[in-house]
Amino acid sequence: MNHLLIHATLLFIFALLLFPVVVMFSTSLQTFENIFSWPPDWIPANPQWVNYFNVWFGDYQFSLPFFNSLFISTFTAVITIVLAFPAAYALTRFTFFGQNALLFIVLVTQMFSPIVLIVGLYQLMQAYNLLNTYTALIVTNCAFTLPMAVWLLHGYLKNVPVELEQAASVDGCSRVKGIIKIIVPLSAPGISMASIYAFIMSWNDLLIPLIFISKSEMRPISLALTDFVGQNVIYWHEMMAASIISTVPIAVMFSFVQKYFIKGFMSGAVKE
């Protein structure tokens, strides 16, 4: 009976969480006139799949900002991991003066909103002639995602036993080789979490491209979604179709790395 109640509660919570997605998908298949009909038509008799075609290939040309965001977010995630992993490794494997203070400073950086720093960042990018460049978006996104990535990897690497590296060192393995062949594979779940975090933060960001990008051909997906808001009307059916398209990379990414979240956290245990 207890298991049945637990499962029923979980299904109810899952239904609540899934409801906005169902509404979004249903709206994306409606005509503009049917969106405001009452009672709502949850399952359209004549699904308008053409909405997706119009969004991707029509006047909006949504494919261009989609691939812009994919490019920006991918490079942000890769650079974030490349920089965060050595930092997190050093913080977990070495003892040095100011170690705890450095960790605290890394955490404090998350207290600053991008809005507070945006004026200084704009002046900095302007001074280096980086406005209207992908470099400005990638570098700025990395600056905001790097501290949290360091914290995520630091917390995970602390649970990877040092004895594994010591055993590898006894067998003649260098530190760098031990990191590549032992620590990195065991840290796959932590790396996956940090990279997904950096990717999603970059994918969803609106403020930074809004300030740094003025060329229409360089706009990411977050800015492109504002095109569906007219002066006196919002084209909800096409906006929802674009929103569904924008969630596809995140859903695909989670489907591929899901096994690491389950399997990886159980690996690396050493019995002393």
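Quick note: structure is the one above.
Analysis parameters
Residues numbered from 1 in each chain as written. Predicted model: local features only at pLDDT ≥ 70, side-chain atom pairs only at ≥ 80, totals over all residues. Heavy atoms only, no water. Helix = DSSP H or I, 4+ residues; strand = E, 2+ residues; numbered from the N terminus. Patch = residues over 30% accessible without salt bridge, like charges linked within 9 Å, V, L, I, M, F, W, Y side chains within 5 Å. Areas by Shrake-Rupley, 256 points an atom, 1.4 Å probe, with all protein chains shown as cover. Salt bridge = Lys/Arg side-chain N within 4 Å of Asp/Glu carboxyl O. Contact = heavy atoms within 4.5 Å. Polar contact = N/O pair within 3.5 Å; in protein donor to acceptor, adjacent residues only side chain to side chain. 1 Å grid on protein atoms, 1.4 Å probe; cavity = no way out; pocket = protein on both sides within 12 Å on 5 of 7 lines; lining within 4 Å. Points joined across faces, edges and corners; volume = space filled by probe spheres on them. Nonpolar A, V, L, I, M, F, W, Y, C, P; charged D, E, K, R; others polar.

Engineer: For this particular structure, what's the right way to read unusual backbone geometry?
Structural biologist: Leaving glycine out, the prevailing phi sign among residues is negative, and the prevailing peptide bond configuration is trans. Positive phi, close to 55 degrees, is recorded for Asn-129, a residue that is not glycine. Topologically, Asn-129 is positioned in the loop between α5 (114-127) and α6 (134-157).

Engineer: Any chance you could explain a nonpolar patch on the surface here in plain terms?
Structural biologist: A contiguous nonpolar surface patch, about 630 Å² in accessible area, is contributed by Ile-6, Leu-10, Phe-12, Ile-13, Leu-16 and Leu-17. Relative to the assigned elements, Phe-12 resides in helix α1 (residues 2-28).

Engineer: Got a minute to help me understand the environment of Asn-51 in this structure?
Structural biologist: If you trace the backbone, Asn-51 turns up in helix α2 (residues 50-57). For the pair Asn-51 and Met-239, spaced 188 residues apart in the sequence, the C-alpha separation amounts to 9.2 Å. The contact partners of Asn-51, leaving out residues within four places of it in the chain, are Ser-28, Leu-29, Gln-30, His-237 and Ala-241. In terms of polar contacts, Asn-51 uses its side chain to reach the backbone carbonyl oxygen of Ser-28, at 2.8 Å.

Engineer: In this structure, what is going on with the layout of surface pockets? I would like to understand it.
Structural biologist: To find leftover empty space, a probe the size of one water molecule is rolled over the atoms. Approximately 390 Å³ is the volume attributed to the largest pocket. Taken together, 24 residues line the largest pocket, and the ones lying closest to its centre are Phe-112, Pro-114, Ala-143, Phe-144 and Thr-145. Every element with two or more residues in the lining of the largest pocket is listed here: α5, α6, α9 (188-204) and α10 (207-212). With seven residues, α6 is the single largest residue contributor to the lining of the largest pocket. Residue composition of the lining of the largest pocket, by class: 15 nonpolar, eight polar and one charged.

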